[in-house]
Amino acid sequence: MNLESPLVTVRIPSYNHARFVEKTILAVLNQTFQDFELIVIDDCSTDGSDEIISRLQEQHNFTYIRHTENKGITYSMNEFNTLARGKYMAGCGSDDFWEPNKLELQVAFMEANPDFAVCYGKAMQITEDDEKVGEISSDSYRTGWLFDEIITKKLSLVAPTTMMRLEALREVRGYDSGFMEDFPMWLKLADKYQFGFIDEVLTNYRVHPGNLTRQFEKRMAHQKQIIDAYKHKPIYKEANALWHLRCFALYSRNGMKEAKAHLQPSLRFLFTKPFILAFLMYLKNVALK
């Protein structure tokens, strides 16, 4: 680590991941690239995470902040942005962990492409027991102007794979309060800057019942608010219709009557595989009950 003038700030927001957080921190500390500072913020965990992080902090001398009350992930993320001293920002959830060369590959890319605000890579999906499920893949992985791909969710960035230019992050004022995901921040950056893709697995991304991504109803409502802020964009109609299709599929999969409200707006994709699969689930789980 570099405690004086780091090139990269690494952030780890922690909350009730005592089972995983040590592996997360050690994967950062053992990076092949060492010109970074590490900041860990624990948002008032109640599962013993504080004891683990405090022990590691004493051993490795990184910055550790513990909230005495739960303030939420957005508060912590903007706190990181204020504290950061690096040229670049990279983060990892306290239940995920990086590949050893993650920072090395991304710093090389960002230094070679000064006009890019973000670079990202692939992620390996893992279970609670570190078993590999498979790569999270997308046909939309590419380098360039990615606003349309991001707002339509054809490309969903896995946040722990990313590195951002801190100046650009501060220019768009970081994370929006009230939203539970990175989506609005990616759109603000993609509207102004190009994104770079590194064709390597950079992060091991853990999927388990505690993930925020499982809270689909609240997440989908937030996505609609964010998409509606870009009604002036040519891509808006497609993005809005795809949002309805995702809602139709999610509610149908869970047998919820709310699926019906999203059927008509989804008909734009009538002859596509996603719509057909969603409609079959709708018939099985909702309409035929």
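Note that this is a predicted model, so its numbers are computed, not measured.

Calculation notes
Residues numbered from 1 in each chain as written. Predicted model: local features only at pLDDT ≥ 70, side-chain atom pairs only at ≥ 80, totals over all residues. Heavy atoms only, no water. Helix = DSSP H or I, 4+ residues; strand = E, 2+ residues; numbered from the N terminus. Rg over C-alpha atoms; globule rule 2.2 N^0.38 Å. Buried < 20%, exposed > 50% of the residue type's maximum accessible area, 1.4 Å probe, protein only. Contact = heavy atoms within 4.5 Å. Areas by Shrake-Rupley, 256 points an atom, 1.4 Å probe, with all protein chains shown as cover. Lys, Arg positive; Asp, Glu negative; His and termini not counted. Charge placed at Lys NZ, Arg CZ, Asp CG, Glu CD. Phe/Tyr/Trp six-rings, centres within 6.5 Å; stacked < 30°, edge-to-face > 60°. Lys NZ or Arg CZ within 6 Å of the ring centre and 35° of its normal. Polar contact = N/O pair within 3.5 Å; in protein donor to acceptor, adjacent residues only side chain to side chain. Salt bridge = Lys/Arg side-chain N within 4 Å of Asp/Glu carboxyl O.

1. Observations regarding the overall build of the chain
- What the chain contains, in helices and strands, is eleven helices and nine strands.
- Scaling as 2.2 N^0.38, a compact globule of 289 residues should have a C-alpha radius of gyration of about 19 Å, and the chain matches this with 20 Å.
- Buried positions account for 54% of the 289 residues belonging to the chain.
- Once local pairs closer than 6 in sequence are excluded, the contacts in the chain between residues at least 24 apart make up 75%.
- By element, 51% of the accessible surface of the chain is carried by carbon and sulfur atoms, the whole surface being about 13800 Å².
- Separation between the mean location of the 35 positive side-chain charges and that of the 38 negative ones in the chain comes to 9 Å.

2. Regarding unusual backbone geometry
- The phi dihedral of cysteine 44 is positive, around 65°, even though this residue is not glycine.
- By relative accessible area, which is 19% here, cysteine 44 ends up buried.
- For arginine 173, which is not glycine, the phi dihedral falls at a positive 65°.
- Note on placement: arginine 173 falls in the loop between α6 (166-171) and α7 (183-190).
- The exposed category is assigned to arginine 173, whose relative accessible area is 74%.

3. Looking at the environment of threonine 46
- With respect to the helices and strands, threonine 46 occurs in the loop between β2 (36-42) and α2 (49-60).
- For the pair threonine 46 and lysine 102, spaced 56 residues apart in sequence, the C-alpha to C-alpha distance is 30 Å.

4. Describing the packing of aromatic side chains
- With the rule as written, the count across this model stands at ten aromatic pairs.
- With 6.4 Å between their ring centres and 70° between their planes, tryptophan 186 and phenylalanine 195 make a pair best called edge-to-face. Comparing tryptophan 186 with phenylalanine 195, the two get one shared label, buried.
- If you follow lysine 23 out to its NZ or CZ, it ends over the ring of phenylalanine 97, 4.4 Å from the centre.

5. Remarks on the side chain of aspartate 42
- Counting through the fold element by element, aspartate 42 comes out in strand β2.
- A polar contact is formed between the side chain of aspartate 42 and the side chain of arginine 66, at a distance of 2.8 Å.
- Discounting residues that sit within four places of it in the chain, aspartate 42 has contacts with Ser14, Tyr15, Ser49, Ile53, Tyr64, Ile65, Arg66 and His67.

6. Some thoughts on the environment of lysine 260
- Its place among the elements puts lysine 260 in the loop between α9 (236-253) and α10 (263-266).
- It is 9.8 Å that separates the C-alpha atoms of lysine 260 and cysteine 247, two residues lying 13 residues apart in sequence.

7. A few points about the pattern of salt bridges
- Following the criterion strictly, the structure yields 16 salt bridges and no others.
- Among the salt bridges present, the one from glutamate 37 reaches arginine 85, with a minimum N-O distance of 3.2 Å. Pair noted here: glutamate 37 is in strand β2 and arginine 85 is in the loop between α3 (73-83) and β4 (88-91), with a separation of 48 residues, a long-range link.
- Judged by relative accessible area, glutamate 37 falls into the buried class, the value being 4%.
- A relative accessible area of 42% means that arginine 85 is categorised as partly exposed.

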